Amino acid sequence: MTRIRLTGFDQSDESTVASLSANLAELMQAMLQDGRALIALCQFLDRRYVQFWLQPDGRIIGEVISNFNIGDSRVLEPRAEERLRELGFHEPVLGPQPNWWFASTCTADDIRLVHMINAAIFDVLEERPIDPVSITTWMAVTQPSAILDEVHTNHRVYRPMERAKPERGDPEAG
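Cut-offs used in this document
By convention here, each chain's residues receive numbers from 1 onward along its written sequence. Owing to the predicted nature of the model, reporting of local features is limited to residues with pLDDT of at least 70; listing and counting of side-chain atom pairs is limited to 80 or more, with chain, interface and lining totals taken over all residues. Side-chain calculation: all heavy atoms of the structure are included, whereas hydrogens and water are not. Note: two strands are recorded as paired if DSSP finds a minimum of 2 bridges between them. Secondary structure elements are taken from DSSP: a helix is a run of H or I of four residues or more, a strand is a run of E of two residues or more, and numbering for both begins at the N terminus. A fitted line through C-alpha atoms represents every axis, and for helices the fit uses only the stretch in contact; the resulting angles, taken between N-to-C directions, go from 0 to 180 degrees. Note on definitions: a residue-residue contact is assigned when non-hydrogen atoms from the two residues lie within 4.5 Å. To estimate the expected span of a helix, count its residues, drop one, and scale the result by 1.5 Å. Relative accessibility under 20% of the residue-type maximum defines a buried residue, over 50% an exposed one, and the middle range a partly exposed one, all with a 1.4 Å probe and only protein chains included. Any two rings among Phe, Tyr and Trp, with Trp reduced to its six-membered ring, count as a pair given centres within 6.5 Å; such a pair is stacked if its planes are under 30 degrees apart, edge-to-face if over 60, and tilted if neither.

1. Things to note about the sheet that holds strand 3 (residues 49-54)
Strand pairing in a sheet is mediated by backbone hydrogen bonds. Such pairs are either parallel or antiparallel. Taken in spatial order, the 6 strands line up as 1-6-2-3-4-5 in an open sheet, and their pairing is antiparallel. If you trace the sheet from one side to the other, it starts and ends with strand 1 (13-16) and strand 5 (100-104), each paired once. The sheet shows a mean angle of 20 degrees between the axes of neighbouring strands, taken without regard to direction. Sheet analysis places strand 1 next to strand 6 (residues 132-139), joined by 4 bridges and oriented antiparallel. Within strand 6, the residue paired with glutamate 14 across the bridge is serine 134. Contacts from helix 1 (residues 17-34) reach strand 1, strand 2 (38-44), strand 3, strand 4 (60-64) and strand 6, with the element oriented near 170 degrees to strand 2. The sheet contacts of helix 3 (residues 107-124) involve strand 2, strand 3, strand 4 and strand 5, and relative to strand 5 the element is tilted by about 160 degrees.

2. Quick look at the environment of valine 64
By secondary structure assignment, the location of valine 64 is in strand 4. Between the C-alpha atom of valine 64 and that of phenylalanine 89, which follows or precedes it by 25 residues, the distance is 8.6 Å. The residues touching valine 64, leaving out its near neighbours within four places in the chain, are Tyr49, Val50, Leu84, Phe89, Asn99, Trp100, Ile117, Ala120 and Leu125.

3. What about helix 3?
If you check helix 3, its first and last C-alpha atoms are 25 Å apart, about what 18 residues at 1.5 Å a residue would give, namely 26 Å. By the burial criterion, the buried members of helix 3 are Asp109, Asp110, Leu113, Val114, Met116, Ile117, Asn118, Ala119, Ala120, Ile121 and Val124. Of the surrounding elements, those touching the buried residues of helix 3 are helix 1, strand 2, strand 3, strand 4, helix 2 (78-87) and strand 5. Where helix 3 terminates, the next one or two residues include glutamate 126, which has phi positive at roughly 60 degrees.

4. A short note on the packing of aromatic side chains
Inspection of every chain in the model, using the stated rule, returns 1 aromatic pair. Ring geometry for phenylalanine 9 against tryptophan 138: centres 4.9 Å apart, planes inclined by 90 degrees, an arrangement best described as edge-to-face. Here phenylalanine 9, found in the segment before strand 1, pairs with tryptophan 138, found in strand 6; they are 129 residues apart in sequence, far enough to count as distant. Residue tryptophan 138 is classed as buried on the basis of its relative accessible area of 1%.

5. A short note on the pairing of strand 2
With 7 of 7 residues buried, strand 2 is to be regarded as a mostly interior element. In strand 2, alternate side chains face the same way, and those of Leu38, Ala40, Cys42 and Phe44 on one face and Ile39, Leu41 and Gln43 on the other are all buried. Pairing analysis gives 6 bridges linking strand 2 to strand 3, with the strands arranged antiparallel. The partner of leucine 38 across the bridge, within strand 3, is leucine 54. Linkage of strand 2 to strand 3, two consecutive antiparallel strands, is achieved through a turn of 4 residues, within which arginine 47 is found at a positive phi near 75 degrees. For strand 2 and strand 6, the ladder comprises 7 bridges, and the chain directions are antiparallel. Counted as the bridge partner of glutamine 43 is serine 134 from strand 6.

Pasting the structure below:
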């Protein structure tokens, strides 16, 4: 299997929103072909973000930050939240899913997720193509018997109103 280069949690690659948008499908495909449980965080200047979780079973969960998980960043207005609903994202809930999310289970869903995330970047988070974005990739530490919600909770970049670092178990995790 081809493995993607991971930045580790404490480092990132810098890019532009235009480049991220144009390469989202390639990023997701590379994560799928990698074979490890991975996280890709795409954080904008205002600290809001979108992220991808590649699950051990090959499923991808795409997320957009929510007001539950926004810390001191600019909140999402009601019309932005309505747009996320229109796009097909599931509502955030306190606990294991504090962000807007969509789980992809097949190739058609993967394509849909790319379009959903791109629309969220431009329509909801109001990023411009020239805006900078930091892209961080790391391996999720999982155990065979781990409950998926616990894995997500342990790897949250932001927990409501506080910053937390994920667990580290692999030297490539950063």
